[in-house]
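Fold and geometry: a report
The chain contents come next:
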Amino acid sequence: MASKEEFRKYETGEPIVTVRNLSKSFGSLRVLKDLNCDIKAGETTVFLGPSGTGKSVFIKHIVGLLKPDEGELEVMGRNVPTLGERELYELRKHLGLAFQLGALFDSLNVYDNVSFPLSHHTRMRQKEIKSRVAEVLELVGLPGTENKLTTELSTGQQKRVGLARALALNPTIVLFDEPTTGLDPILCTTIDELILKLKTELGKTFIVISHDIEGTWNMADQVGVLYQGTLLRYGRNADVRRDDNIFLKQFFGRTEDGPMIGV
Amino acid sequence: MGFLDQIAKQFRGEYAYTPELVLKEMREKGIKIRVRGLTKSFGGLTVLKDLDLDVYDGETLCMLGESASGKTVFLKSLAGIEHPDSGEIYIDEHDVMNAPPRQLYEMRLGLSMQFQQGALFESVSALENVQWPLVMHATVSPQEAEDRAAKDLVSVGLTPDMHWKLPSLLSGGMQKRVALCRAIVERKALILFDEPNAGLDPIKCAAIDNLLLRIKKQFKATLIMNTSELFTAYNLSDRIGIIYRGKIVEIGEPGSIKSSKHPYVDEFTRKSKEFLPQILAYQEELASWEGEKVDDGRRDSEHLGKTTGGF
């Protein structure tokens, strides 16, 4: 059985996630329609698009939280929709998910939040966990904050703790849902640079959902623009940025004039 | 501070103004709001530090600044919700810091505020949320209140089938617009907005910006707006104030902020500078666009939960 195989290492540029004709509906609303794309290992792929176009739904398919109505989705050689709970559990150890608002346990301190996946998914000793937590907190630029309560942190710091928790298990793929939404321009740049740094230093694959267009130009290798459940454009950063499509121009020009309805 | 104390201070040259003089000067110069030496700390953390500001009647002022720089505390201080440790706030004829409750209430009747998280009443529908201030202040008949609220909701793109939904059944962008409607429904002369378009996608952002522009033109009200979105500030404001560590480090017209040499302001606007030409070019190109809008079918009421059916 495929799932018994070891998870192999992926070279940079090799497709690590392949999506074929993925479709998903909720009631009469078709959220994803015939989605096709390859996400390459060792790169940052950013998915843009207006709210309600299925970006989060897509990410939830990758981690197996939702099952598609039709189509295939392969992550690290595993056909996700066909996996059982046990196999999904194994796969998810290789995926780190950082949520929009951090989704931290606010009754726990930073240490307990970041060590949560370690104490639940591994047999590491307390001492090892402690040094791993210190290591990932250092990576996201928050060394020595272990004993702080998450409520004492600013929004930007909370997002970084969320990212540290996603990195704790040393995943191959890091999925980041709206890393910079609601942050000011300076904090946005900090987070963008952090993602760039982690990609280059650790060679991780980042799949990011974002509304922040400038941030995307700064950090993405590959950009996908989702609109009405399909990929309007999927290509290299520079190509997408200069694309002539009127939908893209409206989105990148942040204006109400154009085919897309604002409100 | 007692009146005699003020006179004594004035004699010693420590305190040049009495409230009466301040108000006189404000009237002469058309200043609606005057803030002097505003300071507020929470525990050991000083959020506002000796902040000075004049806001002119009828202007739109955008306050930019990083998260936790004190923007919200500043707005709340203006509305008399937060009580600063020291300093002076004058709005119209009111000395906000020393006003007795009754006067504070009257001052508040002259303004409305949109809160960052919306602060909508979760147990009543969108329409009831919007008509709430009209009903509470009993300025118009209940029927008129409902009509006005409904009209405003439609003007921000919320069709009548959504009016009777609970806020929790609306999307984040819709909730923002309901909160916005509640802030503008009374057409106050002073409206405070706290992050009206944070967390929305670029096109919804633009839609809210256009809505705020319409409000600005139609009402001739004084608008003070906190935002982290540079483009919103550039588009809407007559003046932009940059707040950093509880102080206003730079204030001026959008053009002067864009070209500011202040190191912090430069850092704040740097990210946008590189991409601004492309954005402006696209905006110009699309301004004359006259094609049909694509309806993506997501505004159908069937996808947005059930209605509450009124009271």
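For clarity, every value in this text was computed on a predicted model and none was experimentally measured.

1. Observations concerning the overall build of chain B
- When its secondary structure is counted, chain B shows 11 helices and 10 strands.
- Scaling as 2.2 N^0.38, a compact globule of 311 residues should have a C-alpha radius of gyration of about 19 Å, and chain B matches this with 21 Å.
- In terms of overall dimensions, chain B has C-alpha extents of about 70 × 50 × 40 Å along its principal axes.
- Buried positions account for 51% of the 311 residues belonging to chain B.
- For chain B, the share of sequence-separated contacts (at least 6 apart) that also reach a separation of at least 24 residues comes to 65%.
- If you sum the accessible surface of chain B, you get close to 14,500 Å²; carbon and sulfur atoms cover 53% of it.

2. Thoughts on the sheet that holds strand β4 (residues 86-91) of chain B
Residue and element names in this part refer to chain B.
- The strand order β2-β1-β4-β5 describes an open sheet built from 4 strands, whose pairing is antiparallel. The sheet terminates laterally at β2 (45-56) and β5 (94-95), the two strands that pair on one side only.
- Judged from the 8 bridges that link them, strand β1 (residues 31-42) and β2 form a sheet pairing that is antiparallel. Residue Arg-34 lies in a different strand from β2, and its bridge partner there is Asp-54.
- Where helix α2 (residues 19-29) meets the sheet, it contacts β1, β2, β4 and β5, and its direction lies at approximately 130° from that of β1.

3. A closer look at the interface of chain B and chain A
- Tallying the contact residues gives 42 residues for chain B and 48 residues for chain A.
- Where chain B packs against chain A, one counts 2 salt bridges.
- A salt bridge links Lys249(A) to Glu285(B); the shortest N-O distance between them is 2.8 Å.
- The tally of links between chain B and chain A comes to 8 residue pairs in polar contact (both at pLDDT 80 or more).
- Looking at the side of chain B that touches chain A, the elements with two or more residues in it are α8 (202-219), α9 (230-236) and α11 (263-287) of chain B.
- For the side of chain B that touches chain A, the leading source of residues is α11(B), giving 12 residues.
- Considered class by class, the residues forming the side of chain B that touches chain A number 17 nonpolar, 10 polar and 15 charged.

4. Remarks on the domain arrangement of chain B
All names here are of chain B.
- Domain boundaries in chain B define domain 1 (24-110 + 189-282) and domain 2 (116-187).
- Here domain 1 and domain 2 have C-alpha centroids that lie 24 Å from each other.
- Roughly 1,200 Å² of surface becomes buried between domain 1 and domain 2 when both sides are summed, with 72% attributable to carbon and sulfur atoms.
- If you look at where domain 1 meets domain 2, you find 0 salt bridges.
- At the boundary of domain 1 with domain 2, the tally comes to 2 residue pairs in polar contact (both at pLDDT 80 or more).
- If one sorts the elements of the side of domain 1 that touches domain 2 by residue count, α8 sits on top with 6 residues.

5. Description of the packing of helix α5 (residues 126-137) of chain B against helix α7 (residues 172-184) of chain B
All names here are of chain B.
- Running from N to C, α5 and α7 point in directions that differ by 25°, and their axes come no closer than 7 Å. It follows that α5 is roughly parallel to α7 by the angle criterion. As for how α5 packs across α7, the hand of that crossing is right-handed. Contact residues: Ala-126, Asn-129, Val-130 and Pro-133 in α5; Val-178, Cys-181 and Arg-182 in α7.
- Split into classes, the residues belonging to the contact of α5 with α7 amount to 5 nonpolar, 1 polar and 1 charged.

6. Things to note about helix α1 (residues 55-62) of chain A
- Counting buried positions along α1(A) yields 6 of 8 residues, so the element is predominantly enclosed.
- Following α1(A) by one or two positions, Gly64(A) has its phi on the positive side, about 80°.

7. Focus: the sheet that holds strand β3 (residues 44-48) of chain A
Residues and elements named next belong to chain A.
- With respect to topology, 6 strands assemble into an open sheet ordered β6-β7-β8-β3-β9-β10, the strand pairing being mixed. Looking along the sheet, the strands with just one partner apiece sit at the ends: β6 (95-98) and β10 (230-236). Adjacent strand axes in the sheet meet at a mean angle of 15°, parallel and antiparallel pairs treated alike.
- Here 6 bridges tie strand β9 (residues 222-227) to β10, and the two strands are oriented antiparallel to one another. What sits directly across from Gly-224, in β10, is Tyr-234.
- Against the sheet, α1 contacts β3, β6, β7 (173-177), β8 (205-209) and β9, and its axis sits at roughly 150° relative to β8.
- The strands that helix α6 (residues 185-202) touches are β3, β7 and β8; relative to β8, the one it contacts most, it runs at about 155°.

8. Topic: the packing of aromatic side chains
- Taken as a whole and judged by the stated rule, the model has 9 aromatic pairs over all chains.
- Centre to centre, the rings of Phe105(A) and Phe116(A) are 4.8 Å apart; their planes meet at 50°, and the pair counts as tilted. Remark: Phe116(A) occurs in helix α3 (residues 110-121) and Phe105(A) occurs in the loop between β6 and α3; sequence separation between them is 11 residues.
- Relative accessible area serves as the criterion here: at 33%, Phe105(A) is assigned to the partly exposed category.
- Overall, Phe116(A) belongs to the partly exposed group, its relative accessible area being 32%.
- Seen from their ring centres, Tyr244(B) and Tyr264(B) are 3.9 Å apart, and the 25° between their planes marks the pair as stacked.

What counts and what doesn't
- Residues numbered from 1 in each chain as written.
- Chains lettered and ligands numbered in written order.
- Predicted model: local features only at pLDDT ≥ 70, side-chain atom pairs only at ≥ 80, totals over all residues.
- Heavy atoms only, no water.
- Helix = DSSP H or I, 4+ residues; strand = E, 2+ residues; numbered from the N terminus.
- Rg over C-alpha atoms; globule rule 2.2 N^0.38 Å.
- Buried < 20%, exposed > 50% of the residue type's maximum accessible area, 1.4 Å probe, protein only.
- Contact = heavy atoms within 4.5 Å.
- Areas by Shrake-Rupley, 256 points an atom, 1.4 Å probe, with all protein chains shown as cover.
- Pairing = 2+ DSSP bridges.
- Axes fitted to C-alpha atoms, helices over the stretch in contact; angles between N-to-C directions.
- Salt bridge = Lys/Arg side-chain N within 4 Å of Asp/Glu carboxyl O.
- Polar contact = N/O pair within 3.5 Å; in protein donor to acceptor, adjacent residues only side chain to side chain.
- Nonpolar A, V, L, I, M, F, W, Y, C, P; charged D, E, K, R; others polar.
- Domains from an automatic or database assignment.
- Buried area = accessible area lost by both parts, 1.4 Å probe.
- Parallel < 35°, antiparallel > 145°, perpendicular 65-115°, else oblique.
- Left-handed = near helix turned anticlockwise from the far one by under 90°.
- Phe/Tyr/Trp six-rings, centres within 6.5 Å; stacked < 30°, edge-to-face > 60°.

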